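Structural features, examined
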Amino acid sequence: MSTPAGPLSLPMTILSYSAWPLTMIVGLVGTAFAMASDHPLLWFNALYLAVALALGGLERVLPHERRWLANDSQTLVDLAHTLLNKGAVQLATAVALTLTVVATRVVEPSSVAPFALWPSQWPMFAQVALALVVAELGLYAAHRLAHEWGLMWRFHALHHSVTRLWFVNTGRFHVVDTFVKIALSQSLLWLLGAPLPVYVWFAAVTAFVGVLTHCNVDMRTGPLDLVFNTPNLHRWHHSTDPAEGNRNYGENLVLWDHLFGTYFNPPRRPPAEIGIKGEIAQGFLGQIAQPFTARGVREILGET
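Residues numbered from 1 in each chain as written. Predicted model: local features only at pLDDT ≥ 70, side-chain atom pairs only at ≥ 80, totals over all residues. Heavy atoms only, no water.

1. Some details on the overall build of the protein chain
The cut-off we apply is this: Each helix is a run of H or I in the DSSP string that is no shorter than four residues. Each strand is a run of E no shorter than two, and both are numbered from the N terminus. When checking whether two residues touch, look at their non-hydrogen atoms; a contact exists if any pair is within 4.5 Å. The Shrake-Rupley method, run with a 1.4 Å probe sphere, supplies the accessible areas, and residue values consider only the shown protein chains as cover.
The helix and strand inventory of the protein chain stands at 12 helices and 0 strands. Contacts in the protein chain between residues at least 24 apart in sequence constitute 74% of all its contacts with a sequence separation of at least 6. Counting every atom, the protein chain has about 14,700 Å² of accessible surface; 71% of that belongs to carbon and sulfur.

This is how it looks when you write it as structure tokens:
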């Protein structure tokens, strides 16, 4: 049964409406300063950690679901996935991009792309907006495949196995799941010849939208739900009812959900009971290995 926090005072109401846009503004302005510094990766990681911890504090002050504050014994496992799976794949991608830039210093990066169509003359804001739309198509495709194709669901089920949403399980993804998402999204930017700063900004936006999407904070996002993947929309995506859960596939934007008919935002409260029919191993290594064995797949699908 859903357990909302109850009526909000005026200050908490203002905080509820302002939390999402303010967090994004702080994250993106902070990213600009980090990129202009001598140690951009260090400062960006510090910024992301600060934002994540701030959201963690808000979860205690302004929770969406009180029951999601209870310990699920998966905190260390979730952190391991964040650092060793999702983080490792993203770091490898960043290194690959850096090596590509180093290798193409003499040659314009756009000239080695199969389709050198990227509008590099546009202001960076416009280029990032375009990157979000283009790469989002790859993210949408990867996410929808992960739900509708059994071969990929065995990996994606790990993310949906959580029984509560909070900022710590933002990075709870199987390494195969993460790799497919990055491959299908960033390959589109590479094919079009996008420059390195566009990748960096795209990654930054994705990072902050991701931690906001999973946080257990009572955020009133209103019309933002029509454009961005907000906490409200993503809570529907974690529903155990396939008619509700197989919706809202967008990672940052919901543009492709609108176009392909998978947008879902009914005028009622999202379910508090989330999870999957099957069972996921409790330990980190067990969760990594489980999708690769016949028995593990049967457990994930709830067929044992």
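2. Quick notes on the side chain of Ser-239
Its place among the elements puts Ser-239 in the loop between helix 8 (231-237) and helix 9 (242-245). With residues near it in sequence (within four places) discarded, Ser-239 still touches Glu-244, Gly-245 and Pro-271.

3. A word on the pattern of salt bridges
The condition that has to hold: Only one rule defines a salt bridge in this text: a Lys or Arg side-chain nitrogen within 4 Å of an Asp or Glu carboxyl oxygen. For the exposure calls, accessible area comes from a 1.4 Å probe over protein chains only, and a residue counts as buried if that area is under 20% of its type's maximum, exposed if over 50%, partly exposed in between.
Evaluated as defined, the whole model comprises 8 salt bridges. Between Arg-172 and Asp-78 there is a salt bridge, with the nearest N and O atoms lying 2.6 Å from each other. With a gap of 94 residues between them, Arg-172 in the loop between helix 5 (150-160) and helix 6 (175-192) and Asp-78 in helix 3 (residues 75-103) connect regions that are remote in the sequence. In this pair, the class of Arg-172 matches that of Asp-78, namely buried. A salt bridge links Arg-220 to Asp-218; the shortest N-O distance between them is 3.1 Å.

4. Some words on the environment of Val-162
Within the secondary structure layout, Val-162 lies in the loop between helix 5 and helix 6. For Val-162, a relative accessible area of 5% translates into the label buried. If near-sequence neighbours (up to four positions away) are discounted, Val-162 is found in contact with Asn-169, Arg-172, His-238, Ile-274 and Gly-275.

5. Focus: the side chain of Asn-169
Note on placement: Asn-169 falls in the loop between helix 5 and helix 6. When sequence neighbours within four positions are dropped, the list of residues in contact with Asn-169 reads Asp-78, His-159, Val-162, Arg-164 and His-214.

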